[in-house]
Amino acid sequence: MSDVKYSKEHEWLKLDGDVATIGITKHATEMLGDIVFAELPEKGSSVEKDGTAGVVESTKAASDVYTPVSGEVVDANQTIVEDPSKINADPEGEAWFFKLKIKDVKELDTLMNKDEYDKFAKESSQ
Amino acid sequence: MIKKTSLYNLHKKCDAKLVNFAGYEMPIQYKDGIIQEHKFTRSNCGVFDVSHMGQLFVYGKENLTTHLENIFPIDLKKLNLNQSKYSFLMDDNAGIHDDLIITKITGGYLIILNAACKENDLKIIKKKLNNKYDLQLKEDLSLIAIQGPKAKDILEKKVEGVSKLKFMNGGNFKFLNINIFITRSGYTGEDGFEISIQNNHAEKFVQEMLNNEAKMIGLGARDTLRMEAGLCLYGNDIDKNTTPIEANLKWAISKNRINTDYPGSKIIKKQIQSGVEKIRVGIKPENRVIARGNTKIFNNDYKEIGKITSGTFGPSVDHSIAMGYVDNQYSDLNTKLFLEVRGKKIPANVCNLPFYKKNYIKGEINV
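What you are looking at is a predicted structure, and each value in this text was computed from that prediction instead of being measured. (Residues numbered from 1 in each chain as written. Chains lettered and ligands numbered in written order. Predicted model: local features only at pLDDT ≥ 70, side-chain atom pairs only at ≥ 80, totals over all residues.)

A. Seen up close, the overall build of chain B. Within chain B, the regular secondary structure consists of eight helices and 19 strands. Relative to its length of 367 residues, chain B is compact, with a C-alpha radius of gyration of 20 Å against a globular reference of 21 Å. On the principal axes, the C-alpha backbone points of chain B span a range of 65 × 50 × 45 Å. Here chain B holds 367 residues, and 47% of them are scored as buried. Once local pairs closer than 6 in sequence are excluded, the contacts in chain B between residues at least 24 apart make up 66%. (Helix = DSSP H or I, 4+ residues; strand = E, 2+ residues; numbered from the N terminus. Rg over C-alpha atoms; globule rule 2.2 N^0.38 Å. Buried ≥ 20, exposed ≤ 12 C-beta atoms within 10 Å, placed from the backbone. Contact = placed C-beta atoms within 7 Å.)

B. Quick peek at the overall build of chain A. Within chain A, the regular secondary structure consists of four helices and nine strands. If you list the helices and strands of chain A from N to C, you get β-β-β-α-β-β-β-β-β-α-α-β-α. A compact globule built from 126 residues should have a C-alpha radius of gyration of about 14 Å, and chain A, at 13 Å, falls within 12% of that. Projected onto its principal axes, the C-alpha coordinates of chain A cover approximately 35 × 35 × 25 Å. When the 126 residues of chain A are sorted by exposure, 40% land in the buried category. Pairs at least 24 residues apart make up 62% of the contacts formed inside chain A by residues separated by at least 6 positions.

C. Region of the structure containing the sheet that holds strand β8 (residues 134-137) of chain B. All names here are of chain B. Strands sit in the order β5-β6-β7-β4-β8 across an open sheet of five strands; the sheet is antiparallel. Lying at the two open borders of the sheet, with one neighbouring strand each, are β5 (84-90) and β8. The sheet shows a mean angle of 25° between the axes of neighbouring strands, taken without regard to direction. The strands touched by helix α4 (residues 118-128) are β4 (54-59), β5, β6 (96-105), β7 (108-113) and β8; relative to β8, the strand with the most contacts, the crossing angle is about 180°. (Pairing = 2+ DSSP bridges. Axes fitted to C-alpha atoms, helices over the stretch in contact; angles between N-to-C directions.)

D. Broad picture of unusual backbone geometry. Residue and element names in this part refer to chain B. Cis geometry marks the peptide bond from Leu353 to Pro354; its omega dihedral reads -5°. Tracing the sequence through the fold places Pro354 in the segment after β19 (344-351). The phi dihedral of Met168 is positive, around 60°, even though this residue is not glycine. Mapped onto the elements of the fold, Met168 is located in the loop between α5 (151-158) and β10 (170-175).

E. Representation of the domain arrangement of chain B. Residue and element names in this part refer to chain B. Domain annotation of chain B identifies domain 1 (8-54 + 139-228) and domain 2 (277-367). One C-alpha centre belongs to domain 1, the other to domain 2, and the line joining them spans 28 Å. On the domain 2 side, the residues contacting the 18 residues of domain 1 number 17 residues. If you list the elements that add at least two residues to the side of domain 1 that touches domain 2, you get α2 (34-43) and α7 (219-228). Here the residues of the side of domain 1 that touches domain 2 sort into five nonpolar, four polar and nine charged. (Domains from an automatic or database assignment. Nonpolar A, V, L, I, M, F, W, Y, C, P; charged D, E, K, R; others polar.)

F. Expanded view of the interface of chain A and chain B. Counting residues at the interface gives eight residues for chain A, matched by twelve residues for chain B. Mapped by element, the contributors of at least two residues to the side of chain A that touches chain B are β4 (35-39) and β6 (52-58) of chain A. Its residues assigned to classes, the side of chain A that touches chain B shows three nonpolar, two polar and three charged.

G. View of the environment of Asn241(B). Within the secondary structure, Asn241(B) sits in the loop between α7 and α8 (265-274). Distance from Asn241(B) to Ala94(B), taken between C-alpha atoms, is 8.7 Å for residues 147 residues apart in sequence.

H. View of the environment of Glu25(B). Residues and elements named next belong to chain B. Tracing the chain through its elements places Glu25 in strand β2 (residues 24-29). Distance from Glu25 to His52, taken between C-alpha atoms, is 9.1 Å for residues 27 residues apart in sequence. The residues contacting Glu25, other than those within four sequence positions of it, are Ile2, Lys4, Tyr8, Leu18 and Asn20.

I. Fine view of α2(B). For α2(B), a buried count of seven out of ten residues is recorded, marking the element as mostly surrounded by other parts of the structure. Within α2(B) the residues assigned to the buried category are Ile34(B), Ile35(B), Glu37(B), His38(B), Phe40(B), Thr41(B) and Arg42(B).

J. Spatial organisation of the pairing of strand β18 (residues 336-341) of chain B. Pairing of strand β15 (residues 296-298) of chain B with β18(B) involves three bridges; the strand directions are antiparallel. Of the residues in β18(B), the one forming a bridge with Phe298(B) is Phe338(B).

K. Region of interest: the sheet that holds β10(B). All names here are of chain B. Strand order across the open sheet formed by six strands is β10-β11-β12-β9-β3-β13, with mixed pairing between neighbours. Two strands close off the open sheet at either side, each with one partner strand: β10 and β13 (215-216). Across three bridges, the pairing between strand β11 (residues 178-183) and strand β12 (residues 192-198) is antiparallel. Note that in β12 the partner of Thr183 across the bridge is Glu194.

L. The arrangement of the packing of α2(B) against α7(B) in detail. Residues and elements named next belong to chain B. One can describe the packing of α2 onto α7 by two numbers: an axis separation of 8 Å at closest approach and a directional angle of 60°. Classified by the angle their axes make, α2 and α7 are oblique. Every pair of crossing elements has a handedness; the one defined by α2 and α7 is right-handed. Contacts between α2 and α7 involve Ile34, Glu37, His38 and Thr41 on the former and, on the latter, Gly220, Ala221, Thr224 and Leu225. Within the contact of α2 with α7, the residues separate by chemical class into three nonpolar, four polar and one charged. (Parallel < 35°, antiparallel > 145°, perpendicular 65-115°, else oblique. Left-handed = near helix turned anticlockwise from the far one by under 90°.)

Okay, structure coming up:
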């Protein structure tokens with residue numbers, strides 16, 4: 001899991017060559033509560049680092065999903081659109097949101113590793 | 001300072017996520033989360049702490065009924081002892097100050113008020129009664145709702161005779177040696193009870209329910225349950241800018257009060273006779289998108305015709321659900337509407353309320 005990076009907006013990113021798989025963290029799902037709706041970026045569209053790339057809604061509220069890096073959307077996980085409860089069940093595995101062909105590898109340097117993120121998440125929820 | 005109910009320690013023990021609600025630190029959800037809590041209430045038995053709500057006791061002699069009829073648009077003279085009715089406190093324009101449940105009790109009436117409105121309600125009612133009667137907004141009593149198909153059997157085990165209560169009727173009961181007042185009522189669309197009990201006994205009572213398969217349910221699930229049941233939340237679906245007729249709650253105005261005097265009676269009569277410009281309807285978006293309060297509603301020609309007042313995902317109907325006010329001409333069943341969510345126009349349809357209806361026996365006899 002050492003290749004997984006995290007953003008301050010509670011997204012995780014896993015790199016495979018120049019393609020990044022992106023989703024929201026378990027900590028994020030715990031804060032949101034039961035997720036009942038998910039909207040994903042369109043395949044082929046371009047997204048900019050820290051820009052909105054989707055929406056999740058829990059029974060309580062709607063939240064934007066941001067992309068931690070820029071790139072072109074090469075895939076979006078429709079199974080979570082059809083069954084959003086999957087996001088609560090396995091947020092950092094099966095319930096990934098979208099895949100990006102990364103535009104600038106240097107953007108990855110701005111992200112946190114697991115230890116840094118765990119510390120950040122713990123502090124920000126206090 | 002933020003207030004705590006008598007069940008605060010129990011909420012903590014049950015891992016509640018606490019939020020400030022109407023000045024009280026209240027549980028929005030527990031460990032299982034809103035959807036599981038919602039479904040548990042529909043299939044089993046949920047316990048809700050609603051102690052933040054006002055329990056106003058009004059005591060007085062025979063003239064009290066007449067004086068209260070000058071305030072509330074219901075036929076109080078016909079109310080039997082321990083019988084409850086849903087009603088409103090209105091201003092002179094028939095705008096709603098609060099919605100409430102009034103129960104005739106020995107020596108007077110018990111009025112259950114919304115937490116955020118109770119202090120103001122007390123002032124208004126006191127003034128309208130010319131300070132003539134004994135009014136007590138009890139802070140030493142807790143209010144606990146027990147809701148769901150198994151509520152009757154679970155409660156009966158600890159409170160003998162309670163299952164004989166009819167819907168919207170109450171009575172004095174004993175839990176161990178403690179006097180409690182129970183009505184068969186609730187706000188979830190399920191069979192259930194509301195229990196008024198001394199603060200110092202509330203936790204013990206709730207613990208007994210939890211030892212018998214019931215589970216604590218937070219305000220989050222209370223909200224999704226009431227929305228599926230098509231019920232209004234004060235401050236969202238009804239307020240000073242809506243009348244009971246516009247809110248589609250005409251049934252709560254007693255027929256033989258339509259031609260009599262109470263605050264807002266002229267407007268109510270006029271609206272019953274000549275109709276309303278806007279009316280509350282149920283709305284079902286065609287996909288999973290949730291249209292929350294303040295979402296704009298458009299007609300087929302994209303003309304704005306109203307606003308959503310409540311919207312959520314209904315766990316038992318497995319669908320996005322909403323309610324809101326539309327221009328009266330768009331209130332017919334199946335009228336096609338569009339809801340503007342995040343800049344997109346989402347197709348939706350006017351539908352019947354409630355979204356969820358259960359055929360349960362309301363007490364011993366269906367009333």
